[in-house]
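# An overview of the molecular structure
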Amino acid sequence: MNFSGFSNPGTGNGDLVFKIIELPEFTPDSAEIYLASTLNHWSPNDEQYKFKRSHDGYYYLKIPKSKEPFQYKFTRGTWASVESTESGNLKPNRYYDPESPSLINIQIRSWQDLVNEMVERIQLIVTELPEGTPYDASLFVVGDFNNWKPLDLESKMIKHADGFYYLTLPAGLEKFEYKITRGSWESVEGRENGRAIPNRVYDVAKDGWKKTIKISSWEDLSGSTTTPYMFLLLLGAFQGLLLIFSIFGIQENNRRANVVLAVLILFTSIALMARVAMYYRDIFQLFPKIYLIPEMILLIYGPLFFIYIKQLTESESKSKEIFIRLIPFGIQVLFYLPLFALSNDQFEYGVLNRHYTIFFNTIGGIGLVFSAYYWWKCKLFLNHQHQHSMNILSEERNINYLNGVMLVYATCLGIWFLMYVVGTGAMIFHYEPQNIINMLTDTLWLIIACTSFIMGYYAMNQPEILRVAEEESIKSIVEAQAQVEEEVEEKEEQGLTEEQLVLKEKLAEEMNEHKLYTNSRLTLPELAHHLKTSTHDISKVINDGYQKNFYDFVNGYRINAFIEEVNKDTRQELTYLGHAYNVGFNSKTAFNRAFKKEKQKTPTQYFSASKTLV
């Protein structure tokens, strides 16, 4: 019912205006509402105190302002249809204070005669807003129940006299996802640091029919969204890019291996930068499919890391094998092409409504198994290489830094697996896993960023790990390794021949006379060349004649020479480490490990015991 001249009622000095801003949903459209009070002897249907409906949809009643306080209620014409509490109980009288404002906003929760028709409905209450929120801000609830419309007038919250914002949702809603906006996606709520938050989830079974909400920030008012976490990710990405240039700036580098390493680091750096860009709303609005870039690392990291290790420790690569290992990544790209082909709006809508959750979780699960498989392959290969290098080299191969990368790799796999455990647990035990998963995801990417730091540290402090010896030397070592592997059975079944026994004596002579062990990079092929014999014969003499591998055999001579030097150095002109370098060791770690293995004591313990005996 509309009436002229009252569409926006004013309040003169002598007027008091009642404005009904909220009615129960089940109030009949034809309802007539009255003010019953001490002013009209509590008449429930006094025409002089009947409300009129304005063009704006609200009910108004203008009466002369009273200088005395009075009590009042609202009815629909009878005492049977008087207002009540939401539960249908009798509502206490309202009280008017002459000091009150001239405009009084009224909320009627229920009618006593219609309370049985009231269906329980969810009520959302925003009780706290971030500083800087405009004083006249309008709040809207956006969710899957209204197709994620950020400016849905039917989902506009009403600000009450207590300063809180209220919205009672339509009947029938019991579980849904939602967020709070100020009318647009640019002004959606965010985390305390201004970053996007996951959708809120409402479940009547857990939250009841009423829930209070605290808004931490608005994305458009949060200023810079750069956080220490995002800074570390960017730092890891740029560290990786610098490392790529450093790799190719080192002379005599293993170019084939380092090309693979460069590609691996490049993929990681791009994924890290894309991960950071996702948190900037302006960038995400322009390029929403940047969301897919970090996903590309799922099926490429494991194969590239394994190929890098093989290239680093072998002189030749097999292009066909590399191609086969990268096929799963190619298949992943093909599966993602339809997502890249979507319009930006379609893609955003699908991500927002979690239409692709099952798809992403499936790809992620496959990626987890795939990556774990390649971690296991890398571990086996490194162990295999370590064992065989002991038969060929007299120094430790300087690829121990890979153990650090393998540890980081394993930690990532553990966190990745834990994310699926949390998600599965949520399905079984019915809890909200999103915050835990977000924390684990952030931790995972932070650890991935650390990989670039680890590689960068070793590349800057030990650039020799990116170098290899002359091509012919490496080739001969690999050939020797292959020959040793082919003769394993023969060694186990046969003892030394007369010629090999002679070679054993000659070997001892040459090691002592020429001190071949002082060459820190002595290899089996070099020793065989010096003795004018084959790697097979010299390897068999060392393995069967001394019951040692080549590495331990040479270190045995070095340890004895070290002890002799220390005993002669009565004036202690050199430290233990200085003597160790003199006899052929090239690192403190290798020396200490070899000495402990040979003498079952540390150098300090050994010489202390010797002095005691003297």
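Throughout what follows, the structure given in this document is the object of discussion. (Residues numbered from 1 in each chain as written. Predicted model: local features only at pLDDT ≥ 70, side-chain atom pairs only at ≥ 80, totals over all residues. Heavy atoms only, no water.)

Of the regular secondary structure elements, the protein holds 20 helices and 18 strands. Across the 614 residues in the protein, those meeting the buried criterion constitute 46%. Partitioning the intrachain contacts of the protein with sequence separation of at least 6 by distance along the chain shows that 74% fall at a separation of at least 24. (Helix = DSSP H or I, 4+ residues; strand = E, 2+ residues; numbered from the N terminus. Buried < 20%, exposed > 50% of the residue type's maximum accessible area, 1.4 Å probe, protein only. Contact = heavy atoms within 4.5 Å.)

Right, let's talk about the nonpolar core for a bit. The nonpolar side chains of a soluble globular protein tend to be buried, and buried together. Core analysis: the biggest nonpolar cluster contains 64 residues, and Phe305, Tyr308, Ile309, Leu402 and Trp445 have the highest contact counts within it. Among the elements of the structure, helix H2 (228-249), helix H3 (255-277), helix H5 (301-313), helix H7 (327-341), helix H8 (344-352), helix H9 (357-389), helix H10 (401-429) and helix H11 (434-461) are those that each provide at least two residues to this core. A total of 12 residues in this core trace back to one element, the largest contributor, which is H10. Of all hydrophobic cores here, the second largest spans 31 residues; its members include Leu516, Leu524, Ile538 and Phe607. (Core = buried A, V, L, I, M, F, W, Y, C linked by side-chain atoms within 4.5 Å.)

The next subject is the sheet that holds strand S1 (residues 15-22). Reading across the sheet, the 4 strands line up as S3-S4-S1-S8 and stay open at both edges, with mixed pairing between neighbours. The open sheet has two edge strands, strand S3 (52-53) and strand S8 (103-107), and neither has a second partner. As judged from the 2 bridges shared by S3 and strand S4 (residues 59-64), these two strands associate in the antiparallel manner. Opposite Arg53, over in S4, you have Tyr59 as the bridge partner. (Pairing = 2+ DSSP bridges.)

Time to look at the packing of helix H17 (residues 550-568) against helix H19 (residues 588-599). Geometrically, a packed helix pair is captured by the angle between its two axes and the distance between the axes. At a minimum axis separation of 10 Å, H17 and H19 run at an interaxial angle of 90 degrees. Taken together, the axes of H17 and H19 are roughly perpendicular relative to one another. For the pair H17 and H19, contact is made by Tyr551, Asp552, Asn555, Gly556, Ile559, Asn560, Phe562 and Ile563 and by Ala590, Phe591, Ala594, Phe595, Lys597, Glu598 and Lys599, respectively. Tallied by class, residues from the contact of H17 with H19 come to 8 nonpolar, 3 polar and 4 charged. (Axes fitted to C-alpha atoms, helices over the stretch in contact; angles between N-to-C directions. Parallel < 35°, antiparallel > 145°, perpendicular 65-115°, else oblique. Nonpolar A, V, L, I, M, F, W, Y, C, P; charged D, E, K, R; others polar.)

None of the figures reported here should be taken as evidence of function without further support.
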